[in-house]
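Geometric and topological summary
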Amino acid sequence: MYRHEGEDVFVIDSHVHFWDASEENITHDGGEQFIQCFYDYHTGFTPEDRQWTLEEYRKYSPERMVRDVFGKGYVDMAIFQPTYLSDFYADGFNTVERNAELAEEYPERFVLNGRFDPRDGEAGLRELERQKEEYDIDGVKLYTAEWNGDSKGWRLDSEECFEYLEKCRELGITNIHPHKGPTIRPLNRDAFDVSDVDDAATSFPELNFVVEHVGLPRLDDFCWIAAQEPNVYGGLAVAAPFAAVRPRKFGEILGELLFWLGEDRILFGSDYAIWEPEWLIEAVMEFELAPDQRDEYGVEFDLDAKRKIMGENAADLYDIDLDEKKQELRDDSVSAEFGLGDGEAAAD
Amino acid sequence: MAGSNPADAGGDATPADADETATPADAAPPTREAVLGRLDRVTDPELDRSLVELGYVDEIEIDPPRVSVAFRLPTAWCSPAFAWMMATDAREEIEALDGVASATVELRDHVHETEINDGVNRGLPFEEVFPDADGGVEAVRRELDEKARLARQYRAVSTLLEAGLSPEQIVRLAPADVEFDGAPDSPPPITGDEAGVGRDDGASTERDGETEAGRDDGTTDDRDGGTATVYVRGGTVGVAFSASSIREYLEKAEALGLVSGADDDRPLFRTPDGNPIPADEFDMVRRRARLAHVNMDGQGGVCAYLHEARYGDRGVDASNAPESA
């Protein structure tokens, strides 16, 4: 819970990872390049006194994650977004199974998402059914630039993918989170083109497409598509650090998002462990649009908008009753361990 | 530069091309400033900002009549297509200088540096060097040029709105209506009030530019743009403004073939699809142009921080540059 102007703001971090990039797990140069690239994003934006060492960053403990995210990070609930990269990592980088270790220990705190890769054919469809059955997932994270054998990526609007989206609809997996963001070495940037979201969103109006990283560096293409597709949302991971390091720029990006999508279709995400939620949430919650930006865009980033972006929008997508949830979390093990019980969040 | 005259891009600049002007060996060797001046015309196509401004240029070596240039990008995994465009553009720009017979570019610290350096310096097509890439480099270049044009349109139209032109006047404006008051490489004349319209705030940007006006020997720096005037109300009222944002816009619009030459009487500003702007769509087109501008600027921020993480400095941070008018 983040305490803002005397009021509690319920925070759902819609984008977290529990990864393993230890040297023992890396089987391909791509795996080392990938974690090094993540680490550049980490050190590029994180305040110096909060930076991790590369060794810490490769693999962190469940205890550390719970402390960073819930203990001191203001987050009430977090959504796991898996990233497999099985061509690079022996046991995968950030798999459903690995995330489930934590999600099953703290079921009231974590939402566990699954994933699919349409290049996996019939076996992949069975695997998706298994994830639904075993973990009751409501969402999937999709990585269109993931390597798979000779293939360096796939498209959301392909026939194969439509078969999987049809399966999602059938199984009631309603939240589709494609990564459409900055290039991550060694993945091929062209596969992060956002244009394929358009056709998929039109063809599956019952599904919600949460475009992670708001399409950066294609914010323009993303906003234009989202303005026309009511079931397209924007995930703020990667845009959020600008609130801390370059507020003026953050105001422009946020102004565009509020203008084209509106405050009901933007979701906060930290991308933990790329960045820790504590300083990110402080920066976003304290952020105010400059007067000229409010005029230019004709939008407000007031407490109501902040509540929506920080938690209410994700709660709607994942069918979370916030009043019930607040009661439930008040005396769970995490609240007991970190003294969060009475709503006086770590903000004090 | 990215998206410069397609005719230039088509003919791979070989030493023989220089014969029409001067025999390279006879001409005076180029200065470091002249080389920098040419490199300043090469943009990072994703950010639409100059390589020099972005701090990418690492080393320049002049060994008459040969010049070699080394550059580094913010990350080792920057798109090979973008790196390729910058390398080919840099080579072509330098080879266009008098006194240069051949230029060699060296991209450093990039995962594909070997392929890119070898391919570009041998004049090979991108598709031959990267057969796995989706689509050709020219299609990517065109798409980014269109975005850059739209972002530049946002800044140019901002200048005109601040100078007092109405949306109706702006959508009707043609290149033939714009009169440039000074050569682009000469300091801006002290004019601007004859039409009774005050100079916009952007003029201060130009004054900053003035201090650098003499830094290169004869190469054009489009940012030192002088002033321009348009005549409205049947040619009876002249409105003056600083010309740099219009010049930058024109350059990109011409490269894309939307307008050609100063006498063109087709509309200067266009929709994202390149069509004339109906007056009632002015606001929507303007919002989309703003979005293109914010996107390019935002990505510049990401690149600047990655550059810092990698090299310990932020190069030229996009937003330290003059805010657009």
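A brief structural summary. (Residues numbered from 1 in each chain as written. Chains lettered and ligands numbered in written order. Predicted model: local features only at pLDDT ≥ 70, side-chain atom pairs only at ≥ 80, totals over all residues. Heavy atoms only, no water.)

What follows is about the overall build of chain B. Counting secondary structure elements, chain B contains ten helices and eight strands. By residue count, 53% of the 325 residues in chain B fall in the buried class. Once local pairs closer than 6 in sequence are excluded, the contacts in chain B between residues at least 24 apart make up 68%. Total accessible area computed for chain B in this model is approximately 13600 Å², and 47% of it derives from carbon and sulfur atoms. (Helix = DSSP H or I, 4+ residues; strand = E, 2+ residues; numbered from the N terminus. Buried < 20%, exposed > 50% of the residue type's maximum accessible area, 1.4 Å probe, protein only. Contact = heavy atoms within 4.5 Å. Areas by Shrake-Rupley, 256 points an atom, 1.4 Å probe, with all protein chains shown as cover.)

For the rest of this paragraph, the subject is the sheet that holds strand S5 (residues 102-108) of chain B. Sheet strands line up and pair through hydrogen bonds in the backbone, either parallel or antiparallel. All names here are of chain B. Pairing within the open sheet is mixed, and its three strands lie in the order S3-S4-S5. In this open sheet, the two edge strands, each paired with only one partner strand, are strand S3 (57-63) and S5. Taken pair by pair, the neighbouring strands of this sheet meet at an average axis angle of 15 degrees, ignoring direction. Pairing geometry for S3 and strand S4 (residues 66-72), over six bridges, is antiparallel. For Ile-62, the partnering residue across the bridge sits in S4 and is Val-67. (Pairing = 2+ DSSP bridges. Axes fitted to C-alpha atoms, helices over the stretch in contact; angles between N-to-C directions.)

On to the pattern of salt bridges, then. Residues and elements named next belong to chain A. Tallied over the full model, the rule gives 56 salt bridges over all chains. One salt bridge connects Arg-58 with Glu-55, and the closest N-O pair in it is separated by 3.3 Å. Linking Arg-58 with Glu-55, this pair stays in helix H2 (residues 54-58), spanning three residues, or about one helical turn. The exposed category is assigned to Glu-55, whose relative accessible area is 52%. (Salt bridge = Lys/Arg side-chain N within 4 Å of Asp/Glu carboxyl O.)

All names here are of chain A. Residues Asp-316, Asp-319, Asp-321, Asp-323 and Glu-324 make up a contiguous surface patch of negative charge. Mapped onto the elements of the fold, Asp-321 is located in the loop between helix H13 (303-317) and helix H14 (322-330). By relative accessible area, Asp-321 is classed as partly exposed at 40%. (Patch = residues over 30% accessible without salt bridge, like charges linked within 9 Å, V, L, I, M, F, W, Y side chains within 5 Å. Lys, Arg positive; Asp, Glu negative; His and termini not counted. Charge placed at Lys NZ, Arg CZ, Asp CG, Glu CD.)

All names here are of chain A. Taken in spatial order, the six strands make up an open sheet running S6-S7-S8-S9-S10-S11, and their pairing is parallel. Looking at the sheet topology across the chains shown, the edges are occupied by strand S6 (114-115) and strand S11 (266-267). Across two bridges, strand S8 (residues 175-178) lies against strand S9 (residues 208-212) in parallel orientation. Residue pairing in the sheet places Ile-176 in a bridge with Phe-209 of S9.

All right, on to helix H4 (residues 96-105) of chain A then. Listing the buried residues of H4(A) in full gives A:Val96, A:Arg98, A:Asn99, A:Ala100, A:Leu102 and A:Ala103. Contact partners of the buried residues in H4(A): helix H3 (62-71), strand S4 (77-80), strand S5 (110-112), S6 and helix H5 (121-135) of chain A.

One finds A:Trp19, A:Met65, A:Phe116, A:Phe209 and A:Leu257 to be the most contacted residues of the largest nonpolar core, which totals 114 residues. Among the nonpolar cores identified, the runner-up in size contains 37 residues, and B:Cys78, B:Val100, B:Phe126 and B:Val137 belong to it. (Core = buried A, V, L, I, M, F, W, Y, C linked by side-chain atoms within 4.5 Å.)

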